[in-house]
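Secondary and tertiary structure notes
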Amino acid sequence: MDFGKFGVFLYADGLGPDQLAASAQRIEKLGYSTLWYPEAFNYEALALGGFLLSHTSKIVVASGIANIYARDAAASVMGLNSLNALYGGRFVLGLGVSHAPLVSDLRGHEYKKPVTTMRAYLDAMDKTWESLGNTPAEKQVILAALGPNMLQLGGERSLGVMPANVTMEHAATARAQAGSGAAVCPMVHVCMTADASLARAAARKALALYMSLPNYTNAWAGFGFDASDLENGGSDRLIDALVVWGDQQQIEARLDAHLGQGADHLAIDAIRSDGEPGLDWDVLEALAPAS
């Protein structure tokens, strides 16, 4: 699976069908190789994947990330098989353990040890493929991963890893833990403005949800940030580490540096500098492979 250099991370929940279709088609026309989307509060991951695939013709569509507590392993296998059979092998199933509040409070499941739970889920997927007699030569699965054990599991059992809300330097850790043959595909927030106050204000709005999720706050502690960095929407130091901002030249240089740290592919979350929701198409136009 070739993810290409840049993909686009599309928050789908606030978009209706016409907006989703138009966004996917525009992203494909711009030449981006992969369209990533999360499973959050509205759309179900596999249904949305099918919709996006049906309105595009070439781009790889990848869940980023589907919650393993939302469906059993057999359902994931059958959904993955179905979408790839129907849409020319263009679907990648990104899987993650999500976060305790989203699993326990929203879905009513017991949130268990992440790596142990993911390993068991992958084992169950393998058993399903075996029982169906159609294990693919390449399992088009990728794992959400932050810490070393999940990064290693992703490298061993899937196409690779998709870290989110991480520093540029994390790519080197991901590469070392996942291994040389794994795809390392971080999600990267990008805000195109050289005005530091505007960029940081927009970034704080975009990152507000993540600031309360322990999987991320624990990971940031491992990067050298402390409780004071989480106050008031995030310190400048934390925001500047998690969000690429500046003019086009500065952004391109930092994205290239991120790739130089060990990433293969970057899933770009194009944050609007005015802080409003939705993709910043100016960013995507400027960075477009087809431009």
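Quick summary incoming for the structure in this document. (Residues numbered from 1 in each chain as written. Predicted model: local features only at pLDDT ≥ 70, side-chain atom pairs only at ≥ 80, totals over all residues. Heavy atoms only, no water.)

1. Some thoughts on helix 9 (residues 214-222)
- Listing the buried residues of helix 9 in full gives Tyr-216, Thr-217, Ala-219 and Trp-220. The buried residues of helix 9 occupy an angular sector of 160° when the element is viewed end-on, so they sit on one face. In this structure, helix 9 carries Asn-218 and Gly-222 as exposed residues pointing more than 90 degrees from its buried face.
- The inward-facing, buried residues of helix 9 abut helix 10 (236-242).
- Gly-224 sits one or two residues past helix 9 and shows a positive phi near 105°. (Buried < 20%, exposed > 50% of the residue type's maximum accessible area, 1.4 Å probe, protein only. Helix = DSSP H or I, 4+ residues; strand = E, 2+ residues; numbered from the N terminus. Arc of directions from axis to C-beta. Contact = heavy atoms within 4.5 Å.)

2. Re the packing of helix 2 (residues 45-54) against helix 3 (residues 73-86)
- At a minimum axis separation of 11 Å, helix 2 and helix 3 run at an interaxial angle of 5°. Our classification of the angle between helix 2 and helix 3 gives roughly parallel. Seen from helix 2, the contacting residues are Leu-46, Gly-49, Gly-50 and Leu-53; seen from helix 3, they are Ala-75, Gly-79 and Leu-83.
- Considered class by class, the residues forming the contact of helix 2 with helix 3 number 4 nonpolar, 3 polar and no charged. (Axes fitted to C-alpha atoms, helices over the stretch in contact; angles between N-to-C directions. Parallel < 35°, antiparallel > 145°, perpendicular 65-115°, else oblique. Nonpolar A, V, L, I, M, F, W, Y, C, P; charged D, E, K, R; others polar.)

3. Focus on the packing of helix 3 against helix 5 (residues 114-132)
- Between helix 3 and helix 5, whose axes approach to 8 Å, the crossing angle comes to 60°. If you check the angle between helix 3 and helix 5, you find them oblique. Taken as a pair, helix 3 and helix 5 cross one another with a handedness that is right-handed. Across the interface between the two elements, Ala-73, Ala-74, Ser-76, Val-77, Met-78, Leu-80 and Asn-81 from helix 3 touch Tyr-121, Ala-124, Met-125, Thr-128, Trp-129 and Leu-132 from helix 5.
- Along the lines of polarity and charge, the residues of the contact of helix 3 with helix 5 split into 10 nonpolar, 3 polar and no charged. (Left-handed = near helix turned anticlockwise from the far one by under 90°.)

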